[in-house]
Amino acid sequence: MVKKKAPLRVLMTFSEVAPYAKTGGLADVAGALPSALSELGCDVRIVMPFYNRFIEKIADKKLAVENLSVPLGSQALAADIYHIRLDDGVVVYWIQRDEFFDRSHLYGTSKGDYFDNFQRFTYFARAVLAMCPEVEFKPNVVHAHDWQSGLVPAYLKHLYGTNEYWAETASVFTIHNIAYQGQFAPELFPLTGLPANFLSLDGMEFWGGINFLKAAIVCADVITTVSPRYSEEIQTKDYGQGLEGVLQGNRSRLFGILNGADYNEWNPETDPYIAANYSRHNLDGKRICKLDLLREVQLPERLVDRPLLGAISRLAEQKGFDLLAAVLDKLVDQDIGLVILGIGDDKYQRMLTDVADRYSKKVSVRLEFNERLAHKIEAGADMFLMPSRYEPCGLNQIYSLRYGTVPIVRATGGLYDTIKPFSPERGEGVGFRFSKYEADSFWRALMDAFALFKQPETWRQIIQNGMAMDFSWKTSAVEYLELYEKALAEKQRAAERGQKTGAAEEKGISRVRNPKSEGPNRS
Ligand code: ADP
């Protein structure tokens, strides 16, 4: 009889997970990838902080560990661990310590980051690894995400690696956005408990300070980012945010896997938030959704026959609001409508409020986080704007495709990988895109879109091409699984090398040199 292979045990660490707590696309990934991996036969557990205000209301969670002792510097600070098992088999663990996670926001307020984010996420990483033996889960792979989990691979390599429990565990680290690195003053380093020589050029030191993202990059067995294009871009000066040299030095371990879309959440055929459901084969409902959206955001109903542009976004420099500002006056001269949903930097909030006040018959701006309205915009708009300066993957353009809302994007990162430009000659392509980050290029893309909007047959073709695209998680989950195998092989090789060279290397840290990472500090 053939012995059944044991399922691969995967622990995923996230600082946000939909639907429990969300500020952006990371939470969407966390809400969908684990279940896609579970469907492929993995035993997947996820762990995140217990943000009281968001998680308290989950009724069926159970206490898994009480008073878990978690080291932070010279102290041991207790955490309680809660958990639930979801219908798809994924187990979610929450790490509760109110001092760190009972806050009104996840990472900071509009005035800035929380003063103790270093302590909060150092503690989180430590707690993740302290928790596993207590809940009797011994992962084959720990897959950590973004800087908030950046110390997890570092602990595995330099603190827990010699521990028998963790000796065979491989680490995978995913960069969802390289602009957020978790940089802190070097004086805090002793709190990590990592070996002193890890605060060096070969370790987590970055321009004199601490950098969590760098710690993960130099320590993980495999590094991934969320689109193939972005994995190339971040190795260049224009996109690497100072870490391009480190990434070049580790490029043999760096891979790009496109995020998927959760079509259980984002599907116009079943979406409960929208006024009428519709499909690629019957688009009638889309017009009803457009009228509903116009009413909801208080724009004139006459716009139902004009191009209605939508945007849903964090209001951050990354998202291209400067370009939008640069074309806005010309744009509102056109007979169009514009709906923007977002929260973020004061600068952009003011700019958008001002535009909405001046052009209230054409522009509606909602400065809030509103899941329901996000779905209504995806369904009701004709075009979706993402003129991003950079975009690791981007999810809204993928959702837009499924809703028949034609994306107009800058050709960068995941936007480049997902939005093939429409070619009238061949009838192929799903959107409009421009390359240079400049207002004129953006404007030309808008003009091209408006011109084709006037040709209903062609416009329908673009819509239907987009709606036929399939970015479901399964494809990406299979790619992750392959990388997990690679990470395990890498880990195995490293262990063999370690055995050969003996204990001397055990004490050292990664020898990858990074001459390009030096320079002035960056906030
Ligand atoms: P990022 O992660 O850089 O913010 P993504 O496009 O990858 O961008 O993901 C953004 C996610 O957050 C999408 O699911 C989008 O609908 C959602 N989102 C962003 N801003 C808002 C908002 N103001 N209200 C509701 N959902 C929002």
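Residues numbered from 1 in each chain as written. Predicted model: local features only at pLDDT ≥ 70, side-chain atom pairs only at ≥ 80, totals over all residues. Heavy atoms only, no water.

Participant: Go over the overall build of the protein chain, please, and point to the residues and values.
Facilitator: Along its length, the protein chain carries 18 helices and 20 strands. Compactness check: the protein chain gives a C-alpha radius of gyration of 24 Å against a globular reference of 24 Å for 523 residues, within 12% of the reference. Overall size of the protein chain, expressed as C-alpha extent along the three principal axes, is 75 × 55 × 45 Å. In the protein chain, which comprises 523 residues, the proportion classed as buried is 59%. Expressed as a percentage of contacts within the protein chain between residues at least 6 apart in sequence, the contacts between residues at least 24 apart total 72%. Within the protein chain, one finds 62 positive and 67 negative side-chain charges whose respective centroids are separated by 3 Å. (Helix = DSSP H or I, 4+ residues; strand = E, 2+ residues; numbered from the N terminus. Rg over C-alpha atoms; globule rule 2.2 N^0.38 Å. Buried < 20%, exposed > 50% of the residue type's maximum accessible area, 1.4 Å probe, protein only. Contact = heavy atoms within 4.5 Å. Lys, Arg positive; Asp, Glu negative; His and termini not counted. Charge placed at Lys NZ, Arg CZ, Asp CG, Glu CD.)

Participant: Can you explain the domain arrangement of the protein chain? Please cite residues and give values.
Facilitator: By domain assignment, the protein chain separates into domain 1 (9–260) and domain 2 (284–467). Domain 1 puts 19 residues into the contact, and the matching count from domain 2 is 19 residues. Between domain 1 and domain 2 lies a buried interface of about 1,500 Å² when both sides are counted; carbon and sulfur atoms form 55% of it. Per-residue buried area on domain 1 facing domain 2 is highest for Lys-22, Arg-229 and Tyr-239; these three make up 29% of the total on that side. In this assembly, domain 1 and domain 2 are joined by 10 residue pairs in polar contact (both at pLDDT 80 or more). Examining the composition of the side of domain 1 that touches domain 2, we find that four residues originate from one element, helix α7 (residues 228–233), more than from any other. (Domains from an automatic or database assignment. Buried area = accessible area lost by both parts, 1.4 Å probe. Polar contact = N/O pair within 3.5 Å; in protein donor to acceptor, adjacent residues only side chain to side chain.)

Participant: Before we move on, could you go through the sheet that holds strand β17 (residues 363–366) and cite the residues and values that matter?
Facilitator: Pairing in this open sheet of six strands is parallel, and the strands run β17-β16-β15-β18-β19-β20 from one edge to the other. The sheet is open, and its two edges are formed by β17 and β20 (432–434), each paired on a single side. Across this sheet, the average inter-strand angle for adjacent strands is 15 degrees, counted without regard to direction. With three bridges joining them, strand β19 (residues 406–410) and β20 adopt parallel strand pairing. Across the sheet, residue Arg-410 finds its bridge partner in β20, namely Phe-434. (Pairing = 2+ DSSP bridges. Axes fitted to C-alpha atoms, helices over the stretch in contact; angles between N-to-C directions.)

Participant: I'd love a proper account of the site of the ligand, names of residues and values included.
Facilitator: Around the ligand lies a shell of 20 residues, among which Gly-25, Asp-28, Arg-314, Lys-319 and Glu-368 are the nearest. Here a nitrogen atom of the ligand and a backbone polar atom of Glu-368 are 2.8 Å apart. A distance of 3.3 Å separates an oxygen atom of the ligand from a polar atom in the side chain of Asn-396. Against a free-state accessible area of 570 Å², the protein chains account for coverage of 94% of the ligand. Listing elements by their share of the shell around the ligand, those giving two or more residues are α1 (25–39), β15 (308–315), β16 (337–344), α12 (371–380) and α13 (396–402). (Near = heavy atom within 4 Å. Areas by Shrake-Rupley, 256 points an atom, 1.4 Å probe, with all protein chains shown as cover.)

Participant: Tell me about the pairing of strand β13 (residues 222–225), and please be specific about residues and values.
Facilitator: Side chains Val-222 and Thr-224 of β13 all project onto a buried face; the interleaved residues Ile-223 and Thr-225 project onto the opposite face, where all are buried too. Both strand β9 (residues 170–175) and β13 contribute to a ladder of four bridges, which runs parallel. If you follow Phe-173 over to β13, its bridge partner there is Ile-223. Examined bridge by bridge, β13 and strand β14 (residues 254–256) share three bridges and lie parallel to one another. Residue pairing across strands places Thr-225 opposite Gly-256, the latter belonging to β14.

Participant: Please set out the sheet that holds strand β10 (residues 183–184) residue by residue, giving values where relevant.
Facilitator: Read from one edge of the open sheet, three strands run β10-β12-β11, paired in antiparallel fashion. Sheet topology places β10 and β11 (205–206) at the edges, where each strand pairs with a single neighbour. With two bridges joining them, β11 and strand β12 (residues 209–211) adopt antiparallel strand pairing. Along β12, the bridge assignment pairs Phe-206 with Gly-209.

Participant: Please provide a residue-by-residue account of the pairing of strand β3 (residues 62–72), values included.
Facilitator: A regular strand places its side chains so that they alternate between the two faces of the sheet. In terms of strand pairing, β3 meets strand β4 (residues 75–85) through eight bridges, oriented antiparallel. Of the residues in β4, the one forming a bridge with Leu-68 is Ala-79. Counted between consecutive antiparallel strands, the loop separating β3 from β4 contains two residues, among which Gly-73 sits at a positive phi close to 60 degrees.

Participant: Explain helix α5 (residues 151–158) residue by residue, including any values.
Facilitator: Within α5, seven of the eight residues are buried, which leaves it mostly tucked inside the rest of the structure. Of all the positions in α5, only Leu-151, Val-152, Pro-153, Ala-154, Tyr-155, Leu-156 and His-158 are classed as buried.

Participant: Summarise a nonpolar patch on the surface; cite the residues concerned and give the values.
Facilitator: A grouping of Ile-343, Leu-367 and Phe-369 is seen on the molecular surface, where their side chains present a nonpolar patch of about 250 Å² in accessible area. Relative to the elements of secondary structure, Leu-367 occurs in the loop between β17 and α12. Judged by its relative accessible area of 34%, Leu-367 falls in the partly exposed class. (Patch = residues over 30% accessible without salt bridge, like charges linked within 9 Å, V, L, I, M, F, W, Y side chains within 5 Å. Salt bridge = Lys/Arg side-chain N within 4 Å of Asp/Glu carboxyl O.)

Participant: Pulling in residues and values, what's your account of the nonpolar core?
Facilitator: Counting 106 residues, the largest nonpolar core has Trp-94 and Ile-95 as the members making the most contacts within it. In terms of residue count, helix α4 (residues 117–134) provides more of this core than any other element does, 11 residues in total. Ranked by size, the runner-up nonpolar core spans 75 residues in total, among them Ala-311, Leu-385, Phe-432 and Phe-471. (Core = buried A, V, L, I, M, F, W, Y, C linked by side-chain atoms within 4.5 Å.)

Participant: Can you lay out the packing of helix α15 (residues 439–453) against helix α16 (residues 456–467) for me, pointing to particular residues and giving the numbers?
Facilitator: Between α15 and α16, the shortest axis-to-axis distance is 7 Å and the interhelical angle comes to 115 degrees. When α15 is examined against α16, the residues Ala-449, Leu-452 and Phe-453 are found in contact with a partner set consisting of Pro-456, Thr-458, Trp-459 and Ile-462. Classifying every residue of the contact of α15 with α16 gives six nonpolar, one polar and no charged. (Nonpolar A, V, L, I, M, F, W, Y, C, P; charged D, E, K, R; others polar.)

Participant: Lay out the side chain of Glu-233 in plain terms, naming residues and giving numbers.
Facilitator: In this fold, Glu-233 is placed in helix α7. A relative accessible area of 7% places Glu-233 in the buried class. A polar side-chain atom of Glu-233 sits 3.2 Å from a polar atom in the side chain of Thr-412. With residues up to four places along the chain from it excluded, the contact list for Glu-233 reads Tyr-239, Gly-240, Thr-412 and Gly-413.

Participant: Could you give an account of the pattern of salt bridges, naming the residues involved and the relevant values?
Facilitator: For side chains of opposite charge, pairing can occur when their charged atoms come near one another. This model, assessed by the stated rule, comprises 21 salt bridges. The salt bridge involving Arg-103 is made with Asp-116; its shortest N-O contact spans 2.7 Å. A residue pair is termed long-range when its members are at least 10 positions apart, and Arg-103 in the loop between α3 (98–101) and β6 (108–109) and Asp-116 in the loop between β7 (112–113) and α4 qualify at 13 residues. Overall, Arg-103 belongs to the buried group, its relative accessible area being 13%. The exposure class assigned to Asp-116 is buried, which follows from its relative accessible area of 6%.

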